[in-house]
Amino acid sequence: MRAVIMAGGKGTRLKEMTRNEIPKPMVKILGKPILEYQIDVLKENGLKDIIIVIGYLGYKIKQYFKDGKDFGVNITYIEENEPLGTAGAFYYIKDYIKEDFILLFGDIIFDVYLKKMIDFHNMKNSYATLFVHPNSHPYDSDIILMDVDNKIIGFDSKNNIRTYSYDNCVNAGIYIISSNLIQKIDELKKLDLEKDILSKEINEENIFGYYSSEYVKDVGTVERIKKTSKDLQKNILKSKNLKNKQKCIFLDRDGTINIHKGLIVNPDDIELEKNVAEAVQKINSSEYITVVITNQPQVARGLCSIEDVENINKRLKTILGEKGAYVEDIYYCPHHPDKGYPEENKKYKIKCKCRKPSIELIEKAVLKYNIDLENSWFIGDTTIDIQTGVNAGMKTILLNTGEAGKDGKYDVVSDYICNDILEAVNIIIK
Ligand SMILES: [Zn+2]
């Protein structure tokens, strides 16, 4: 597979670093140009045939990388005589590319196990695959709407006023594009990939979101470059590559993240516990990922539907997002084993393997995110949570929020007891 990097960006917001002397992708982070970080990751993934689309001050890129040999890759350059947006250059690329290809925007720093994304793209027989992930500012980002199979069903622009709760799912700037898509571009003109192409094609073709916890950040501002420099120094990029085992902090939901109010059946009842946003932000900035594991027997009891639980979880993600925090995933068990109640939903009144303290949901997360349980933690407010963590071979922290361990269901001792989630996260992340 070949890779195409769109490196024509001017970097207006980075003027103090470019001084109008270099194009944006040549801005250095810890002494190395953004573009070189990208080429290194492509090379590590075995992608050595690279096309770079250059524009503004593009000759500086050519001067630095030449034919790519010194960097262990082969580089072909395509020059835009005028800025063509994020996809106008497809008109030129189609002469070079007859197969599906990786597309990168030139202002991102990332470390991704691309083989996994390529496998996903092939398995779905996808027309275009977008790398999507949660970020710390979904409220002012374009949101990607997907169905349960990760098929993209809509794009919600940041300029729209959102009156609904949504999954924190944002486009990261890494794509796999099918050759069929670019062959359709028959006119040289300015094109925006999302607005002019993808948002139309989702009605005709199967376009998918590849959801991942890996590190991909847009470094289009000085502040973001500073943040990414620190992350590079702490080796967070490499450690979050899904080729490597991940450390995870598993969190219970009710009583741990949101205030315990019995069985929640209404999104409006989601209200964050104290210090939650700060605690989750701290996890987000660390090498840990975070996954929520929750029992929601309301469904089995007939108090609400699966869709209601999904909406309640979206509400939680939206509220966290408004405060600059996110969880990678929420897994829930809708079942309950005790039969015989009048309103019960029989389909879910079963003895399942996903209800905590069983660990089937954790095992699902382990597979999806390549998690190393020995170096992971479970934080919760009940003895059920602690027993779950113990059953999965993790370290555990009981919180004094929510039920504060007074449920008395299991005779189990946690590694630590903390007053709230922030205190717990501070023990894990020093
Ligand atoms: Zn279950």
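What you see is a predicted model, and the numbers here were worked out from it, not measured in a lab.

Conventions adopted
Residues numbered from 1 in each chain as written. Predicted model: local features only at pLDDT ≥ 70, side-chain atom pairs only at ≥ 80, totals over all residues. Heavy atoms only, no water. Buried < 20%, exposed > 50% of the residue type's maximum accessible area, 1.4 Å probe, protein only. Helix = DSSP H or I, 4+ residues; strand = E, 2+ residues; numbered from the N terminus. Core = buried A, V, L, I, M, F, W, Y, C linked by side-chain atoms within 4.5 Å. Domains from an automatic or database assignment. Contact = heavy atoms within 4.5 Å. Buried area = accessible area lost by both parts, 1.4 Å probe. Salt bridge = Lys/Arg side-chain N within 4 Å of Asp/Glu carboxyl O. Polar contact = N/O pair within 3.5 Å; in protein donor to acceptor, adjacent residues only side chain to side chain. Axes fitted to C-alpha atoms, helices over the stretch in contact; angles between N-to-C directions. Parallel < 35°, antiparallel > 145°, perpendicular 65-115°, else oblique. Left-handed = near helix turned anticlockwise from the far one by under 90°. Nonpolar A, V, L, I, M, F, W, Y, C, P; charged D, E, K, R; others polar.

## Things to note about helix α13 (residues 383–391)
Thought 1: With seven of nine residues buried, α13 is to be regarded as a mostly interior element.
Thought 2: Residues of α13 that are buried: Thr383, Ile384, Asp385, Ile386, Gln387, Thr388 and Gly389.
Thought 3: Positive backbone phi, approximately 80 degrees, marks glycine 393, located one or two places after α13.

## Brief notes about the nonpolar core
Inside soluble globular proteins, nonpolar side chains tend to come together where they are buried.
Thought 1: Core analysis: the largest hydrophobic core is formed by 53 residues, its most contacted members being Phe90, Leu103, Phe250 and Ile362.
Thought 2: Among the elements that take part in this core, helix α12 (residues 360–369) stands out by supplying five residues, more than any other.
Thought 3: Residue-level mapping places this core at the junction of two domains, with at least three residues from each of domain 1 (2–231) and domain 2 (245–428).
Thought 4: Once you skip the residues sitting within four places of it in the chain, isoleucine 362 turns out to touch Phe250, Ile293, Leu373, Phe378, Thr388, Ala392 and Met394.
Thought 5: Ranked by size, the runner-up nonpolar core spans 35 residues in total, among them Ala7, Leu42, Ile54 and Ile102.

## A word on the domain arrangement of the protein chain
Reports of interface size often rely on the accessible area that becomes lost once the parts have come together.
Thought 1: Each assigned domain of the protein chain is listed here: domain 1 (2–231) and domain 2 (245–428).
Thought 2: Every contact between the two is made by 13 residues of domain 1 and, on the other side, 16 residues of domain 2.
Thought 3: Across the domain 1/domain 2 interface, buried area totals approximately 1,300 Å², and carbon plus sulfur atoms make up 53% of it.
Thought 4: The largest contributions to the domain 1 side of the interface with domain 2 come from Ser165, Tyr211 and Ser213, which together make up 36% of the buried area.
Thought 5: At the junction of domain 1 and domain 2, the tally comes to one salt bridge.
Thought 6: Among the ionic pairs, lysine 317 bridges to aspartate 167, the shortest N-O distance being 2.8 Å.
Thought 7: Run the count over domain 1 and domain 2 and you get four residue pairs in polar contact (both at pLDDT 80 or more).

## Examining the packing of helix α2 (residues 34–44) against helix α3 (residues 58–65)
Thought 1: At their nearest, the axes of α2 and α3 sit 11 Å apart, and the two run at 50 degrees to each other. Between α2 and α3, the interaxial angle falls into the category oblique. As α2 runs across α3, the sense of the crossing is right-handed. In contact with Leu35, Glu36 and Ile39 of α2, α3 contributes Ile61, Tyr64 and Phe65.
Thought 2: Considered class by class, the residues forming the contact of α2 with α3 number five nonpolar, no polar and one charged.

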